[in-house]
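Structural features, examined
So you can see what is in the structure, the chains are spelled out below.
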Amino acid sequence: MCEIYGAQSINLEFEWGKSIDLERVKEVLENEDVKVLTAVHNETSTGAVNPIKELGELAKEYGALFVVDAISSLGGIEVKVDEWNIDVCISSSQKCLGGLYGLSILSISDAAWEAMENRKVKPRSYAYDLLKWKMRWIPKEEGGLLVMGRRSYPLPPPTHLIYALNEACKMILEEGLNQRFKRHQTIAYATREGVKSIGLEIFPDEEIASSTVTVIKVPKGVSDSDIVDGMLKEHKIMIAKGLRRLKGKVIRIGHMANTADQNHIIPTLAALEDVLYKFKVISEKGIAVETALNIIEKQLEI
Ligand SMILES: Cc1ncc(COP(=O)(O)O)c(C=O)c1O
């Protein structure tokens, strides 16, 4: 993506599902002139959470801007934009915020605005030029310029999506952030223990396993399509297959916003058990459901 926009990039590859090697990141920051460090917070394809706080400390130490993809974390997992030195935090309306698909959510630090203002190559996009939004939409007290003297949009916004997001944000605040994060954690834990109780394995290392998506290795005796298509056809429950190098190797269960709830996850586990039973991968149904339910009931009491 960076290269499409003309940036030179150094791609640091780490084993999928394992923790990032912070020493290697530090080494590159030390030896190269890195202007921007970028990372995904919650990796939706592997179900692993990256150490954003630690990466933010490194970015600050070496004077790089820090750009974070919090698309599948914001609203479900804590994201401390200022404390973690995130200069540009990117998220979207449809995942853990529980809005509708179609809006990008951004936060931008003073340093990031400054970098945009000092660009040698001017942006080629009209709609995605954030400086236009700064000029016309952001209030003066928040650093905007309001060149037209009043707030106006650079282009017509999708009003219906903004209303939906506003409502979703009100629901988040009504629930309370801590309660919401705990709910995601409980459901994720119950899902992991549920699938483990029937012999399945979680793909990422468990200490970095996500609260918003559970990635599970496809067991022997069945394919990812058998599971995903079977659950959809027989139970009208949609889960996802693996992407790129995990294609065919994992299945993914999302539990974000309203789906991080026992009314969603218990039927999902029941459907998974049913399909695995039909393919003779398991010989008894109900164990994953019972394990998950026990955890949810106990955790909710705390
Ligand atoms: C971590 C992550 N980044 C980026 C994207 C792309 O988000 P969008 O579909 O809102 O462009 C996704 C979508 O699944 C994602 O999970």
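Residues numbered from 1 in each chain as written. Predicted model: local features only at pLDDT ≥ 70, side-chain atom pairs only at ≥ 80, totals over all residues. Heavy atoms only, no water.

1. Focus on the pairing of strand β4 (residues 65–69)
- When you tally the buried positions in β4, you get four out of five residues, the bulk of the element.
- Of the strand pairs in this sheet, β4 and strand β5 (residues 88–92) are connected by three bridges, and their pairing is parallel. Counterpart to aspartate 69 in the pairing with β5 is isoleucine 90. (Buried < 20%, exposed > 50% of the residue type's maximum accessible area, 1.4 Å probe, protein only. Helix = DSSP H or I, 4+ residues; strand = E, 2+ residues; numbered from the N terminus. Pairing = 2+ DSSP bridges.)

2. Considerations on the sheet that holds strand β7 (residues 213–217)
- Taken together, three strands build an open sheet; the order of strands is β7-β9-β8 and the sheet is antiparallel. The open sheet has two edge strands, β7 and β8 (240–241), and neither has a second partner.
- Pairing geometry for β8 and strand β9 (residues 250–254), over two bridges, is antiparallel. From the neighbouring strand, alanine 240 faces β9, where its bridge partner is arginine 252.

3. A short note on a nonpolar patch on the surface
- On the surface, Met135, Leu145, Val147 and Met148 cluster together to form a nonpolar patch covering roughly 370 Å² of accessible area.
- In this fold, valine 147 is placed in the loop between α4 (130–136) and α5 (159–175). (Patch = residues over 30% accessible without salt bridge, like charges linked within 9 Å, V, L, I, M, F, W, Y side chains within 5 Å. Areas by Shrake-Rupley, 256 points an atom, 1.4 Å probe, with all protein chains shown as cover. Salt bridge = Lys/Arg side-chain N within 4 Å of Asp/Glu carboxyl O.)

4. With respect to the layout of surface pockets
- Within this model, the second largest pocket holds a volume of roughly 480 Å³.
- Around the second largest pocket, the lining comprises 18 residues; the ones closest to its centre are Met238, Ile253, Gly254, His255 and Thr259.
- Counting residues per element, the ones that place at least two in the lining of the second largest pocket are β9 and α8 (262–278).
- Across the lining of the second largest pocket, the residue classes break down as eight nonpolar, eight polar and two charged.
- For the lining of the second largest pocket, the two domains that each supply at least three residues are domain 1 (3–127) and domain 2 (176–301). (1 Å grid on protein atoms, 1.4 Å probe; cavity = no way out; pocket = protein on both sides within 12 Å on 5 of 7 lines; lining within 4 Å. Points joined across faces, edges and corners; volume = space filled by probe spheres on them. Nonpolar A, V, L, I, M, F, W, Y, C, P; charged D, E, K, R; others polar. Domains from an automatic or database assignment.)

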